[in-house]
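Structural characterization, general
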Amino acid sequence: MNFDFYYMCVFCQIIKKQINSEIVYEDEKMMVIKDINPKAPVHLLLFPKRHIESLVTLRLKDRLLIEGLIWKAKSLAEEQGFASNGYKLVLNCGQGAGQVVPHLHLHLLSGADFSKWPV
Ligand code: 5GP
Ligand code: ZN
């Protein structure tokens with residue numbers, strides 16, 4: 001097998017430290033980084049270390065991963081002091097919803113004027 005042609009998604013490369021990123025939190029199961037192209041003053045990405053493509057393909061047995069990501073987002077918002085200002089969680093599910101990176105991830109956004117956002 002020629003590994004030159006092996007495709008690894010960008011978040012898997014970040015997990016393996018093959019690509020640099022600003023890491024906010026990391027444990028054996030998940031990673032939190034700053035988005036490279038932030039859409040709000042706070043824009044973090046939370047994702048499992050296991051490569052799971054999308055919520056669309058997530059299996060029932062892995063559903064607690066989602067709970068872990070949401071709970072971590074809540075904890076970070078409190079620890080970093082922006083929970084009281086409000087924050088938005090976005091989970092793009094599939095290309096049709098704007099998911100570009102094919103590795104399940106949760107956006108945590110805060111500090112923007114969200115009144116202009118569609119939802
Ligand atoms: P999606 O549209 O798939 O829900 O969101 C993917 C997000 O990943 C985008 O907001 C994009 O800016 C971010 N992103 C893509 N490549 C990189 C990267 O190499 N490093 C970091 N930190 N963020 C990235
Ligand atoms: Zn991946």
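Please refer to the structure higher up on the page.
Residues numbered from 1 in each chain as written. Chains lettered and ligands numbered in written order. Predicted model: local features only at pLDDT ≥ 70, side-chain atom pairs only at ≥ 80, totals over all residues. Heavy atoms only, no water.

A separate point is the nonpolar core. Counting 16 residues, the largest nonpolar core has L44, L46, L69, L76, L104 and L108 as its most contacted members. At the level of elements, β2 (30-34), β3 (42-48), α2 (64-79) and β5 (106-110) are the ones that each hand at least two residues to this core. Among the elements that take part in this core, α2 stands out by supplying five residues, more than any other. The contact partners of L46, leaving out residues within four places of it in the chain, are M31, V32, L69, K72, A73, L76, L104, H105, L106 and L108. Among the nonpolar cores identified, the runner-up in size contains 11 residues, and M8, I14, I33 and F47 belong to it. (Core = buried A, V, L, I, M, F, W, Y, C linked by side-chain atoms within 4.5 Å. Buried < 20%, exposed > 50% of the residue type's maximum accessible area, 1.4 Å probe, protein only. Helix = DSSP H or I, 4+ residues; strand = E, 2+ residues; numbered from the N terminus. Contact = heavy atoms within 4.5 Å.)

Right, let's talk about the side chain of H103 for a bit. Mapped onto the elements, H103 comes out in the loop between β4 (88-90) and β5. Side-chain polar atoms of H103 contact the backbone oxygen of P48, separated by 2.8 Å. For H103, the contacting residues outside a window of four places in its chain are C9, F11, C12, I15, F47, P48, K49, R50, H51, I52 and E53. (Polar contact = N/O pair within 3.5 Å; in protein donor to acceptor, adjacent residues only side chain to side chain.)

Residue position: E22 is located in the loop between α1 (10-15) and β1 (23-26). In this structure the C-alpha to C-alpha distance between E22 and I33, which are 11 residues apart in sequence, comes to 5.4 Å. In this structure E22 touches V32, I33 and K34, once residues within four positions along its chain are discounted.

What follows covers unusual backbone geometry. Here K17, not a glycine, exhibits a phi torsion of approximately 60°, which is positive. Mapped onto the secondary structure, K17 falls in the loop between α1 and β1.

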